[in-house]
Amino acid sequence: MTRRIVALVTVLVAVLLSSLALAQMPPGNPPPMPAKPAPAPSAAPPKASPKASASAAPAPSASAAPAEQDDTTDDGGDADLPPGHPNIDQNQMMAGVPQDRDTPNPSLPKGTIVVSVLDENDKPVAGTEVRLGVDYQSIAEGNKTSFKNAVTDAAGKARFDGLEATSAYSYRALVKRDAAEYASSPFGLKRDMGHDVILHVFPVSRDIRGSMVGMRGVVFIDPRDEVFQFEVMLRVFNVGRVTWVPRDVTMTLPKGTKALTAEEGMSDTRAVPMGDRAVKIEGTFTPGQHDVVFRFQVDNDHDPTMSFDIGMPPHLAEMRVMVQSSRGMQLNVSGFPPAQPTLDNEGQRLLVSGRQLKPGEPEMEAIDIELSGIPTPGPGRWIALAIALAGFGVGLVVAFQKPTTATQKQTITARDAEEAQEALLGELIALEKARRSEKIGPRTYERARRGLLEALARIQRLAPQPVRKKKRRAA
């Protein structure tokens, strides 16, 4: 008998009525998720679309054709940055900054890796510990990671010999200096030669004001039937010769945030969840470009208007908000220009609004996003609910009917009764909201309300009654 009332309520209210409810959604509404809790977002890299690309097309002007596609290049061009902001043109940004590299070296014996550690002026750094990560991947044995250690000599070189040169093994060199950690990209060894790795280390600043760091950001929102799916990407440009290691740089998230996950990439830069409503930016931001991506969800209560506040990191020069929208939906971001419609790379409709800071403007400490015209279930849901609840009593009795004697009384557990009552009370609240917003007429409202109240009364009659303690008479 356990959970059967809750199951019955769920079937009546959620499953049997879902098809009729969805039939009332306006044309163009994004496909809904299944009628079950949304799974946590995957940490897999996002598709090549504006959903996760800080280099997506700028917010189109009013004269832009809605079907215009993203034709910008990912070169970090700074033509649209306000005067005074650090130059983040990719070519100019890296001019004069020494570059890391790893290359096969035929002059080294097979199974040998030599790591050279150099400073910002390409001078060798002696006496520095180098860790070599060894990653072994096997279908039969699974994945295993181990480390080998060596110290650089006077020439700044650390040597590792006797390494495996098969496709099952990959390697990564790591060096720590102050609060920063420098690492090469993973690489494999050729069977007939060794490998050279060059890693540069830079002075470190924990304060962003001691670094030449600027940021661009994108917030992408995908309204679904059960949740609003958020994806946030920060593109961080370090245009100086000092490594930035953030200290206590956090971003607050909207109320009701859940399923918060951060994408793990090849870089050591990352967003770390801090409780339910914040992420902390961590890692080593060396000179160059770095991406930080994370995702979260907020429940879709099917209100026609929803607001979301998101705290921003420091030195944010540009922010863009994109919403996958149906016809009639509107996007308003406080302090941003009006949103313009466009199409993404998959031909789906987007609303886009972006803002770039101008000289003298205060930083964007937070953005306030408002979505209006959100598709909500139409009156068909409540019409169907009223019809379904007319037979609720019969279904309830059949579900719990057992042979009873004249002295037996049919009851349910207190927990079942409580959960069933909560489910029905939730429907009553939703019904009241629908009536106040005039989504349903008075007759449909009365029929559905009467049916819900009758169902609550039947559950209360089946629920066990609390035992009253007899009062002791005074002697």
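Cut-offs applied
Residues numbered from 1 in each chain as written. Predicted model: local features only at pLDDT ≥ 70, side-chain atom pairs only at ≥ 80, totals over all residues. Heavy atoms only, no water. Helix = DSSP H or I, 4+ residues; strand = E, 2+ residues; numbered from the N terminus. Buried < 20%, exposed > 50% of the residue type's maximum accessible area, 1.4 Å probe, protein only. Contact = heavy atoms within 4.5 Å. Areas by Shrake-Rupley, 256 points an atom, 1.4 Å probe, with all protein chains shown as cover. Expected span 1.5 Å × (residues − 1). Arc of directions from axis to C-beta. Pairing = 2+ DSSP bridges. Axes fitted to C-alpha atoms, helices over the stretch in contact; angles between N-to-C directions. Core = buried A, V, L, I, M, F, W, Y, C linked by side-chain atoms within 4.5 Å. Salt bridge = Lys/Arg side-chain N within 4 Å of Asp/Glu carboxyl O. pLDDT = per-residue confidence, 0-100. Polar contact = N/O pair within 3.5 Å; in protein donor to acceptor, adjacent residues only side chain to side chain. Phe/Tyr/Trp six-rings, centres within 6.5 Å; stacked < 30°, edge-to-face > 60°.

### Topic: the overall build of the chain
So, step 1. When its secondary structure is counted, the chain shows seven helices and 23 strands.
So, step 2. Counting over 475 residues, the chain shows a buried share of 45%.
So, step 3. In the chain, once contacts between residues fewer than 6 apart in sequence are set aside, the share between residues at least 24 apart is 74%.
So, step 4. Carbon and sulfur atoms make up 51% of the accessible area of the chain, which totals about 24,800 Å².

### Focus on helix H7 (residues 442–462)
An α-helical segment advances 3.6 residues per turn. Residues three or four places apart therefore align on the same side.
So, step 1. Taking 1.5 Å per residue as the helical rise, H7 with its 21 residues ought to reach 30 Å, and the 30 Å between its terminal C-alpha atoms agrees with that figure.
So, step 2. Restricting attention to buried positions, one finds in H7 the residues Thr444, Tyr445, Ala448, Gly451, Leu452, Ala455, Leu456, Ile459 and Leu462. The buried side chains of H7 occupy one side of the element, clustering within an arc of 140 degrees when seen end-on. Across from the buried face of H7, at angles greater than 90 degrees, the exposed residues are Pro442, Arg443 and Arg461.

### Considerations on the sheet that holds strand S2 (residues 113–118)
So, step 1. What the four strands build is an open sheet, ordered S1-S8-S2-S5; its pairing is mixed. Edge positions in the sheet fall to strand S1 (101–105) and strand S5 (157–160), since each of these pairs with one other strand and no more. Within the sheet, the average angular offset between the axes of one strand and its neighbour, ignoring direction, is 20 degrees.
So, step 2. Relative to S5, S2 runs antiparallel, the two being bridged by four bridges.

### Examining the nonpolar core
So, step 1. Counting 44 residues, the largest nonpolar core has Phe294, Ile310 and Ile367 as its most contacted members.
So, step 2. Of the residues forming this core, the biggest block, five residues, is contributed by strand S11 (residues 227–238).
So, step 3. Residues within four places of Phe294 in sequence aside, it is in contact with Phe230, Glu231, Val232, Met251, Leu253, Leu260, Thr261, Ala262, Glu263, Ala271 and Val279.

### Section: the sheet that holds strand S13 (residues 250–252)
So, step 1. A sheet is described by the order of its strands in space; here three strands give the open sequence S13-S16-S15, paired in antiparallel fashion. With one partner strand each, in any of the chains shown, S13 and strand S15 (270–273) form the two edges of the open sheet. The average undirected angle you get between the axes of adjacent strands in this sheet is 30 degrees.
So, step 2. Looking at chain direction, S13 and strand S16 (residues 278–282) are connected through three bridges and run antiparallel. Considered in S16, the bridge of Thr252 is made with Ala278.

### Focus on the pattern of salt bridges
Pairs can form between side chains of opposite charge whenever their charged atoms are close.
So, step 1. Counted by the stated rule, this structure contains 15 salt bridges.
So, step 2. Across the salt bridge formed by Arg172 and Asp268, the nearest N and O atoms sit 3.8 Å from each other. Placement of Arg172 in strand S6 (residues 169–177) and of Asp268 in the loop between strand S14 (257–262) and S15 is noted, with a sequence separation of 96 residues between them.
So, step 3. Shared partners join several salt bridges into a network, and the residues in it are Arg216, Glu318 and Arg320.

### With respect to the confidence of the model for the chain
So, step 1. Looking at the chain as a whole, the pLDDT averages 77, with 68% of positions reaching at least 70.
So, step 2. Ignoring residues within four places in sequence, the model shows residues 52–86, a span with pLDDT below 50, making 76 contacts including any to other chains.
So, step 3. Every residue in residues 396–409 scores below 50 in pLDDT, and together they form 17 contacts with partners more than four places removed in sequence or on other chains.

### Looking at the environment of Leu456
So, step 1. As for its placement among the helices and strands, Leu456 is situated in helix H7.
So, step 2. Sequence spacing of Leu456 and Gln421 is 35 residues, and the spatial spacing of their C-alpha atoms is 6.3 Å.
So, step 3. The contacts of Leu456, once residues within four sequence positions are left out, are Gln421, Leu424, Leu425 and Leu428.

### A few points about the side chain of Thr243
So, step 1. Along the chain, Thr243 falls in strand S12 (residues 243–244).
So, step 2. Within the local environment of Thr243, its side chain forms a polar contact with the side chain of Tyr182, the two groups lying 2.9 Å apart.
So, step 3. Residues within four places of Thr243 in sequence aside, it is in contact with Ala180, Tyr182, Phe202, Pro203, Val204, Ser205, Ser211, Asn238, Thr284, Phe285, Thr286 and Pro287.

### Remarks on unusual backbone geometry
So, step 1. With a phi angle near 65 degrees, Asp122 is a residue other than glycine that sits in the positive phi range.
So, step 2. As for its placement among the helices and strands, Asp122 is situated in the loop between S2 and strand S3 (129–138).
So, step 3. Looking at Asp122, the relative accessible area reads 43%, which means it is partly exposed.
So, step 4. The backbone of Asp248 sits at a positive phi, close to 55 degrees, despite the residue not being glycine.
So, step 5. Within the secondary structure, Asp248 is located in the loop between S12 and S13.

### Describing the side chain of Gln297
So, step 1. Tracing the backbone shows Gln297 in strand S17 (residues 288–299).
So, step 2. Look at Gln297 and you get buried, because its relative accessible area is 1%.
So, step 3. Among the polar contacts listed, one links the side chain of Gln297 to the side chain of Gln229, at a separation of 2.9 Å.

### Side note on the environment of Pro246
So, step 1. Among the structural elements, Pro246 can be located in the loop between S12 and S13.
So, step 2. Look at Pro246 and you get buried, because its relative accessible area is 6%.
So, step 3. Remark: the alpha-carbon pair of Pro246 and Ala180, spanning 66 residues in sequence, is separated by 9.9 Å.
So, step 4. In this structure Pro246 touches Arg206, Ile281, Gly283 and Phe285, once residues within four positions along its chain are discounted.

### A short note on the packing of aromatic side chains
Given two aromatic rings, one states the distance between the centres and the angle between the planes to describe the pair.
So, step 1. Tallying each qualifying case throughout the model produces eight aromatic pairs.
So, step 2. Note on Phe228 and Phe308: the rings are 5.2 Å apart at their centroids and 65 degrees apart in plane angle, and the pair reads as edge-to-face. Here Phe308 lies in strand S18 (residues 305–311) and Phe228 lies in strand S11, a separation of 80 residues in the sequence. Like Phe228, the residue Phe308 is buried in the burial classification.
So, step 3. Between Phe294 and Phe296, the aromatic rings sit 6.4 Å apart at their centres with planes inclined by 20 degrees, giving stacked as the arrangement.

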